[in-house]
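So you can see what is in the structure, the chains are spelled out below.
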Amino acid sequence: FPSHDKLTPTSYIDSKKEVEKKYGISQPYILYVGSLEAKKNIVNLIRAYNQTKTNAALVLAGRKGYKYDQIKKEIVFVKPLFSFLSRNEYYNLYH
């Protein structure tokens, strides 16, 4: 996936609100983008998030990777995982 700075708003037609509605994101969110692998310390990210008192949802976007089962066990208050988002959807969630 190319870096997000190569994405331009003129390349895409969906709005941020359309993408958020499509995936059921109705509140502010913290976005993680990357493969869901144990070596990326996602388990501790989820544990830290679960201890916060934030109104923001934790949205994880990435393909399941090595030792994904360890990560899945930790998911409690995390939005559904997105295994694939289009470039358009990534752009709109980043902005």
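Residue numbering note: each chain is counted from 1, following its sequence as written. pLDDT decides what is reported in this predicted model: residues at 70 or higher carry local features, side-chain atom pairs at 80 or more are listed and counted, and totals for whole chains, interfaces and linings draw on all residues regardless. Neither water nor hydrogens contribute to the side-chain values; these are computed over all heavy atoms in the structure.

Thoughts on the overall build of the protein chain
Helix and strand counts for the protein chain stand at four helices and two strands. A run of DSSP states H or I qualifies as a helix once it reaches four residues; a run of E qualifies as a strand once it reaches two. Both are numbered from the N-terminal end. Each helix and strand of the protein chain, placed in order from N terminus to C terminus, yields the pattern α-β-α-β-α-α. We call a residue buried when its accessible area falls under 20% of the maximum for its residue type, exposed when it is over 50%, and partly exposed in between, using a 1.4 Å probe and counting protein chains only. The proportion of buried residues among the 95 residues of the protein chain is 37%. Any two residues whose heavy atoms approach within 4.5 Å are treated as being in contact. Of all intrachain contacts in the protein chain linking residues separated by at least 6 positions in sequence, the fraction that spans at least 24 positions is 73%. Accessible surface area values rest on a Shrake-Rupley calculation with a 1.4 Å probe, where residue burial reflects the displayed protein chains alone. About 6300 Å² of surface is accessible on the protein chain, with carbon and sulfur atoms providing 52% of the total.

Points about the environment of Ala-38
Mapping Ala-38 onto the fold places it in the loop between β1 (29-33) and α2 (42-51). For Ala-38 and Tyr-66, which are 28 residues apart along the polypeptide, the C-alpha to C-alpha distance reads 6.4 Å. Ignoring any residue separated from it by four or fewer positions in sequence, one finds Ala-38 in contact with Tyr-66, Lys-67, Gln-70 and Ile-71.

Some words on the pairing of β1
A pair of strands is labelled paired if DSSP reports no fewer than 2 bridges between them. Looking at chain direction, β1 and strand β2 (residues 57-61) are connected through five bridges and run parallel. Its bridge partner lying in β2, Tyr-32 is registered against Leu-60. For the segment spanning β1, α2 and β2, crossover handedness is right-handed. Orienting the strands away from the viewer, one traces the path from the first strand over the helix to the second; a clockwise path indicates a right-handed crossover.

A few points about α2
Taken as a whole, α2 has its buried residues at Ile-42, Val-43, Ile-46 and Tyr-49. Down the axis of α2, the smallest arc covering the buried residues is 130°, so these residues share one side. Packing partners of the buried residues in α2 comprise β1, β2 and α3 (68-74). This arc is built from the directions going out from the helix axis to the C-beta atoms.

Quick word on the environment of Lys-40
Within the fold, Lys-40 resides in the loop between β1 and α2. A relative accessible area of 38% means that Lys-40 is categorised as partly exposed. The spacing of Lys-40 and Tyr-66 is 26 residues in sequence and 10.0 Å in space, taken between C-alpha atoms. Setting aside anything within four residues of it in sequence, one finds Lys-40 in contact with Tyr-32 and Ser-35. Among the polar contacts listed, one links the side chain of Lys-40 to the side chain of Ser-35, at a separation of 3.3 Å. In the analysis that follows, any N or O atom pair within 3.5 Å is treated as a polar contact, provided that within protein one partner can donate a hydrogen and the other can accept it, and provided that, for residues neighboring in sequence, both atoms belong to side chains.

Some thoughts on the pattern of salt bridges
Two side chains carrying opposite charge are able to pair once their charged atoms lie near each other. The term salt bridge refers to a pairing of a side-chain nitrogen on Lys or Arg with a carboxyl oxygen on Asp or Glu at a separation within 4 Å. According to the stated counting rule, one finds two salt bridges in the structure shown. The salt bridge partner of Glu-89 is Lys-22, with a shortest N-O separation of 2.7 Å. Placement of Glu-89 in helix α4 (residues 87-94) and of Lys-22 in helix α1 (residues 16-22) is noted, with a sequence separation of 67 residues between them. Looking at Glu-89, the relative accessible area reads 5%, which means it is buried. The class of Lys-22 is exposed, set by a relative accessible area of 56%. The partner of Glu-37 in a salt bridge is Lys-39, with the nearest N and O atoms 3.7 Å apart. Given the relative accessible area of 16%, Glu-37 is considered buried.

These figures come from the coordinates and say nothing about function on their own.
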